[in-house]
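In case you want the letters, here they are:
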Amino acid sequence: MVNYKDLGLVNTKAMFAKAITGGFAVPAYNFNNMEQLQAIVMACAETQSPVILQVSAGARKYANATILRYLGQAAVEYAKELTGGKGLPITLHLDHGPDFDTCKSCVEYGFSSVMIDGSHHPYEKNIEETKKVVEYAHKYNVTVEGELGVLAGVEDDVKAETHTYTQPEEVVDFVGKTGVDSLAISIGTSHGAFKFKPGQTPKIRLDILDEIVKKLPGFPIVLHGSSSVPQEYVKIINENGGKLQDAIGIGEDQLRLAAKSAVCKINIDSDGRLAMTAAIRKYFNDHPDHFDPRQYLTPAREELKKMYARKNREVLGSDGHAPEILAAEGK
Ligand SMILES: [Zn+2]
């Protein structure tokens with residue numbers, strides 16, 4: 001068993017406290033390989049942003065749990081190297097923990113935060129499962145995210161046909177009974193790259209968010225499924241042999257509004273997948289004779305870094321907030 005503190009990671013407490021008062025959200029970027037990790041750390045070092053590195057159960061299966069634990073530690077050391085020794089506040093977080101055992105395993109492997117997603121269970125069972133994880137994780141100061149309401153869409157092993165919006169009247173009861181540190185809610189964001197068909201106007205139900213914030217003032221709220229599906233990447237992919245169906249994501253202007261409120265963490269995964277795939281497809285089309293992975297992964301990593309740096313500045317508003325969180329952590 002390794003404690004996250006020994007790896008130089010932080011839990012989400014101080015970063016969410018600053019995000020609430022500072023009117024920004026912490027980016028939660030998914031990763032499952034070295035190039036994605038490098039791009040995330042480079043972008044956050046350049047923008048002086050805190051960051052939540054997210055790993056799904058599927059990513060652990062893909063990359064191997066031991067390798068991911070060392071990649072988390074590598075992120076801390078690499079961030080120091082890029083910032084003249086100062087470092088960045090970095091959380092290693094389990095995304096959509098399916099059960100207690102997976103959450104427990106992540107705590108033992110040095111994760112500083114876990115999500116237990118009991119949203120597919122009936123309400124009482126969700127409370128029971130979430131409470132069990134909270135009681136275990138808090139012994140090690142690991143923070144816990146729960147979920148109420150179900151998002152539509154597909155992400156790794158998580159899928160649902162339609163939205164079930166979070167009911168504001170359940171929120172206070174759920175948080176009180178489980179002791180979670182943050183709560184993912186369903187207000188119209190959606191998992192995956194094919195969220196909405198062109199012609200539909202995806203709208204986040206900011207009215208539901210407002211109601212939840214009124215009931216739980218100052219409590220950290222999390223938005224999943226918040227990729228915007230940049231049309232320039234879809235176009236590059238399809239111009240270079242890809243066959244993605246038309247799709248649109250969540251408008252960045254709406255996410256910016258959410259980030260200014262009690263939303264402290266915004267999850268972005270699909271946009272990163274699109275950025276890398278667009279760069280790689282274009283590279284192969286331009287250089288059909290190349291076959292060294294470094295040749296095509298370099299522009300892919302660069303594109304990913306550029307996009308994340310822009311998201312930090314223009315959507316999350318997390319740029320420049322790393323030093324105050326490090327200070328709050330006593331680092
Ligand atoms: Zn999610």
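For the structure itself, look to the data block above.
This report concerns the structure included in the present document.

## Focus on the coordination of the zinc ion
Okay, so step 1: Coordination of the zinc ion by the protein comes from His96 (NE2), His191 (NE2) and His224 (ND1), over a distance range of 2.0 to 2.1 Å.
Okay, so step 2: Written as a sequence motif, the donor residues of the zinc ion are H-x94-H-x32-H. Of the two residues, His96 sits in strand E3 (residues 90–97) while His191 sits in strand E9 (residues 190–191), which places them 95 residues apart along the sequence. Like His191, His96 is buried.

## Focus: the packing of helix H6 (residues 123–138) against helix H7 (residues 168–178)
Okay, so step 1: Look at H6 against H7: their axes get within 8 Å of each other, and the N-to-C directions meet at 35 degrees. The two elements H6 and H7 cross, and the hand of that crossing is right-handed. Mapping the contact onto sequence places Tyr123, Asn126, Ile127, Thr130, Lys131 and Val134 in H6 and Glu170, Asp173, Phe174, Lys177 and Thr178 in H7.
Okay, so step 2: A breakdown of the residues in the contact of H6 with H7 according to their chemical character gives four nonpolar, three polar and four charged.

## Digging into the pairing of E3
Okay, so step 1: With eight of eight residues buried, E3 lies mostly within the body of the structure.
Okay, so step 2: Where strand E2 (residues 51–56) lies against E3, six bridges are found, and the strand directions are parallel. The partner of Leu53 across the bridge, within E3, is Leu92.
Okay, so step 3: With three bridges connecting them, E3 and strand E4 (residues 113–116) associate as parallel partners. Bridge assignment links Gly97 to a residue of E4, and that residue is Ile116.
Okay, so step 4: With helix H5 (residues 100–108) bridging E3 and the parallel E4, this β-α-β connection has right-handed handedness.

## Here we look at unusual backbone geometry
Okay, so step 1: For Asn64, which is not glycine, the phi torsion reads 90 degrees and is therefore positive.
Okay, so step 2: Tracing the backbone through its elements, the reader meets Asn64 in the loop between helix H3 (57–63) and helix H4 (65–82).
Okay, so step 3: Classification of Asn64 as partly exposed rests on a relative accessible area of 36%.
Okay, so step 4: The backbone of His96 sits at a positive phi, close to 50 degrees, despite the residue not being glycine.

## Digging into the pairing of E2
Okay, so step 1: Among the six residues in E2, six count as buried, and that is most of the element.
Okay, so step 2: Because side chains alternate across E2, one face comprises the buried residues Val51, Leu53 and Val55, and the other comprises Ile52, Gln54 and Ser56, equally buried.
Okay, so step 3: One crossover worth recording links strand E1 (residues 26–30) to the parallel E2 by way of helix H2 (residues 34–47), and it is right-handed.

## Side note on H2
Okay, so step 1: Taking 1.5 Å of rise per residue, the 14 residues of H2 would be expected to cover 20 Å, and the 20 Å separating its terminal C-alpha atoms lies within 8% of that figure.
Okay, so step 2: By the criterion of burial, H2 is predominantly enclosed, with 12 of the 14 residues buried.
Okay, so step 3: Elements that come into contact with the buried residues of H2 comprise E1, E2, H4, helix H11 (270–286) and helix H12 (293–316).
Okay, so step 4: Backbone nitrogen of Glu35 and a side-chain oxygen of the N-cap are separated by 3.2 Å at the start of H2; the cap is Asn33.
Okay, so step 5: Of the residues trailing H2, Gln48 is marked for its positive phi of about 55 degrees.

## Observations regarding the sheet that holds strand E8 (residues 182–185)
Okay, so step 1: The strand order around the closed barrel built from eight strands is E1-E2-E3-E4-E5-E8-E10-E11, with neighbouring strands paired in parallel fashion. Taken over all neighbouring pairs, the strand axes of this sheet differ in orientation by 25 degrees on average, direction set aside.
Okay, so step 2: Strand direction decides the pairing type here: strand E10 (residues 221–223) and strand E11 (residues 263–268), joined by three bridges, are parallel. Following the sheet pairing, Ile221 is matched in E11 by Val263.

## What to know about the packing of H7 against helix H8 (residues 206–215)
Okay, so step 1: Direction vectors running N to C along H7 and H8 enclose 40 degrees, while the axes themselves pass 9 Å from each other. If you check the angle between H7 and H8, you find them oblique. In the crossing of H7 with H8, the sense of the turn from one axis to the other is right-handed. Residues Pro168, Glu169, Val171 and Val172 of H7 form the contact with H8, whose own contacting residues are Ile208, Glu211, Ile212 and Lys215.
Okay, so step 2: Among the residues forming the contact of H7 with H8, the class breakdown is five nonpolar, no polar and three charged.

## Here we look at the pattern of salt bridges
Okay, so step 1: In the structure shown here, the tally under the stated rule is 18 salt bridges.
Okay, so step 2: For Arg205, the salt bridge is made with Asp207, and the minimal N-O distance between the two is 2.9 Å.
Okay, so step 3: Owing to a relative accessible area of 31%, Arg205 belongs among the partly exposed residues under this scheme.
Okay, so step 4: The class of Asp207 is partly exposed, set by a relative accessible area of 40%.
Okay, so step 5: Taken together, the salt bridges that share partners define one network made up of Glu252, Asp271, Arg310, Lys311 and Glu314.

The rules behind each value
- Residues numbered from 1 in each chain as written.
- Predicted model: local features only at pLDDT ≥ 70, side-chain atom pairs only at ≥ 80, totals over all residues.
- Heavy atoms only, no water.
- Donors = N, O, S within 2.8 Å, 3.2 Å for Na, K, Ca; no water.
- Helix = DSSP H or I, 4+ residues; strand = E, 2+ residues; numbered from the N terminus.
- Buried < 20%, exposed > 50% of the residue type's maximum accessible area, 1.4 Å probe, protein only.
- Axes fitted to C-alpha atoms, helices over the stretch in contact; angles between N-to-C directions.
- Left-handed = near helix turned anticlockwise from the far one by under 90°.
- Contact = heavy atoms within 4.5 Å.
- Nonpolar A, V, L, I, M, F, W, Y, C, P; charged D, E, K, R; others polar.
- Pairing = 2+ DSSP bridges.
- Right-handed = clockwise from strand over helix to strand, strands pointing away.
- Expected span 1.5 Å × (residues − 1).
- Polar contact = N/O pair within 3.5 Å; in protein donor to acceptor, adjacent residues only side chain to side chain.
- Parallel < 35°, antiparallel > 145°, perpendicular 65-115°, else oblique.
- Salt bridge = Lys/Arg side-chain N within 4 Å of Asp/Glu carboxyl O.

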